[in-house]
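Letter by letter, the chains look like this.
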Amino acid sequence: MYPSIDFLYLSEPDMIAAGVLDAQRCVEVCEETFSLLGKGDYLMGGANHNNHGLNIVFPKETKFPNMPVAGPDRRFAAMPGYLGGRFDVCGNKWYGSNHANAEKGLPRSILTMMLNDKDTGAPLALMSANLLSAARTGGVPGVAAKHLANKDARVVSVVGCGPINKACFTAIMTQLRAVQKVVCFDLFLEKAKEFASWVHKEYGVEAIGVDDTEAGFRDVDVITIAASRLKPLHFNDEWIKAGATILVSGPFNTDASFLNDAKIVYDHTALQEAYVEDAIASGNKEAYYTSVIGGPFFRLIDAGKLPALKDSTGLGDVVNGEKPGRERAEERVIFIACGMAVFDISWGFEVLQNAKSKGIGQVLNLWERPSQA
């Protein structure tokens, strides 16, 4: 006789009630996740165990009337993984994206998260994951701010004033206690001003909105970048002051001189190596580099102007004390985050435990016993 299998369904309101927006706690859980990454107690997709995910990319044209065709940021992605430590669980984030969603009043991406028992494969929880994904995306640079930014940072710049950078900024501010001014940059000035108004109301510090790129980078202590993938921005070496920390969660371009001068810390070097493997396998490495956040670094590594990824520093190495983070106050540091399913798993697991302890969510039955075909 097979046992009955139940799992918990958590809607978006359930996720909020269970603490998915607790930025301080999310940073702590993400730091714990980085430690496990540094130790190697995890698995992600692919034979190398480090692939970001598996994408469905639609063709430019098709003879089948119902098959979707390519469009801006239009894709599906499955992001599976296993995370060890106290989590000891498997999970998969299912990610649908289409820039045209805005025309339907929908967010660009619609996400769900499934957690599963590592041994049986039985579902443990199905949860709404837009807020989950945004929170852990913010929690990652929050950990980087803790370990890499100067503690007396006074001025923070938000480059790209969308919901992802709001999550990043919220997490970063849990780690920076001396901030007095926030510069909010966006290509759309009204959007930048709206963000600045929110910052002032939420944190009580001076905040300004700008649409001039230089104003978003010059003389700033900590910069969080999460700008549009459709319009990657360029910043100049000369704009970045000594001691600045740049936390990158979106695509960008900059002068090679800055990347050669700055200390570079990656989220996880094995993930970045997997991106390079995929770039080579694609048959058009340069085009692939252009499409990923680490592209500017990969080009310089190929040219012998930066150390190989295997010789570079991941944030897990810093968290575990295996390699140094910031070594000098005047050092310019850049942190690169590309997103990993293990963070969705860890934060999803944490929220699930909160939900269970508070009686939040709806229990669904998969079966009382499986049907015999």
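Going by the structure above, here's the rest.
Structure report, in brief.

Rules used in this analysis
Residues numbered from 1 in each chain as written. Predicted model: local features only at pLDDT ≥ 70, side-chain atom pairs only at ≥ 80, totals over all residues. Heavy atoms only, no water. Helix = DSSP H or I, 4+ residues; strand = E, 2+ residues; numbered from the N terminus. Rg over C-alpha atoms; globule rule 2.2 N^0.38 Å. Buried < 20%, exposed > 50% of the residue type's maximum accessible area, 1.4 Å probe, protein only. Contact = heavy atoms within 4.5 Å. Areas by Shrake-Rupley, 256 points an atom, 1.4 Å probe, with all protein chains shown as cover. Salt bridge = Lys/Arg side-chain N within 4 Å of Asp/Glu carboxyl O. Pairing = 2+ DSSP bridges. Axes fitted to C-alpha atoms, helices over the stretch in contact; angles between N-to-C directions. Expected span 1.5 Å × (residues − 1).

1. What about the overall build of the protein?
Link 1 in the chain: In terms of regular secondary structure, the protein is built from twelve helices and 18 strands.
Link 2 in the chain: A globule of 373 residues ought to have a C-alpha radius of gyration of about 21 Å, and the protein, at 21 Å, matches this closely.
Link 3 in the chain: The dimensions of the protein, computed from C-alpha atoms along their principal axes, are 70 × 50 × 45 Å.
Link 4 in the chain: Expressed as a percentage of the 373 residues in the protein, the buried residues total 52%.
Link 5 in the chain: If you take every contact in the protein between residues at least 6 apart in sequence, the share linking residues at least 24 apart comes to 69%.
Link 6 in the chain: Carbon and sulfur atoms provide 52% of the accessible area of the protein, an area that totals close to 17,200 Å².

2. Some details on the pattern of salt bridges
Link 1 in the chain: All chains considered together, the criterion is met by 20 salt bridges.
Link 2 in the chain: Among the salt bridges present, the one from Arg86 reaches Glu350, with a minimum N-O distance of 2.8 Å. Note that Arg86 is positioned in the loop between strand S4 (75–83) and strand S5 (89–97) and Glu350 in helix H12 (residues 341–358), a separation of 264 residues in sequence.
Link 3 in the chain: The class for Arg86 is partly exposed, based on a relative accessible area of 40%.
Link 4 in the chain: The shortest N-O distance in the salt bridge between Arg136 and Asp344 comes to 3.0 Å. With Arg136 in helix H3 (residues 130–148) and Asp344 in helix H12, this residue pair connects regions lying 208 residues apart in the sequence.
Link 5 in the chain: We classify Arg136 as buried; its relative accessible area is 5%.
Link 6 in the chain: A relative accessible area of 0% places Asp344 in the buried class.
Link 7 in the chain: Each member of the salt-bridge network shares a partner with another, and the members are Arg25, Glu28, Glu32, Arg86 and Glu350.

3. Some remarks on the sheet that holds strand S11 (residues 222–225)
Strand pairing in a sheet relies on backbone hydrogen bonds, with the paired strands running either antiparallel or parallel.
Link 1 in the chain: Across the sheet, eight strands lie side by side as S10-S9-S8-S11-S13-S17-S15-S16; this open sheet has parallel pairing. Where the open sheet ends on each side, the last strands, each with one partner, are strand S10 (206–210) and strand S16 (313–314).
Link 2 in the chain: Pairing analysis gives two bridges linking strand S15 (residues 263–266) to S16, with the strands arranged parallel. Counterpart to Val265 in the pairing with S16 is Thr313.
Link 3 in the chain: Contacts from helix H5 (residues 189–203) reach strand S8 (155–159), strand S9 (181–185) and S10 within the one sheet, and its direction differs from that of S10 by about 170 degrees.

4. Notes on helix H8 (residues 269–282)
One turn of an α-helix holds 3.6 residues; hence residues three or four places apart share an orientation.
Link 1 in the chain: Counted at 1.5 Å a residue, the expected span for H8 with its 14 residues is 20 Å, and the 20 Å between its end C-alpha atoms agrees.
Link 2 in the chain: Within H8 the residues assigned to the buried category are Thr269, Ala270, Leu271, Gln272, Ala274, Tyr275, Val276 and Ala279.
Link 3 in the chain: Here the buried face of H8 lies against strand S2 (42–44), S15, helix H9 (285–291), helix H10 (295–302), S16 and strand S17 (333–336).

5. Quick word on the pairing of S4
Link 1 in the chain: In terms of burial, S4 is a largely internal element, seven of the nine residues being buried.
Link 2 in the chain: Two elements, S2 and S4, share three bridges in a ladder whose sense is antiparallel. Bridge pairing in S4 places Tyr42 opposite Leu83.
Link 3 in the chain: Two elements, strand S3 (residues 54–57) and S4, share four bridges in a ladder whose sense is antiparallel. From the neighbouring strand, Leu54 faces S4, where its bridge partner is Ala78.
Link 4 in the chain: In this structure, S4 lies alongside S5, joined through nine bridges in antiparallel fashion. By the bridge assignment, Gly81 is partnered in S5 with Gly91.

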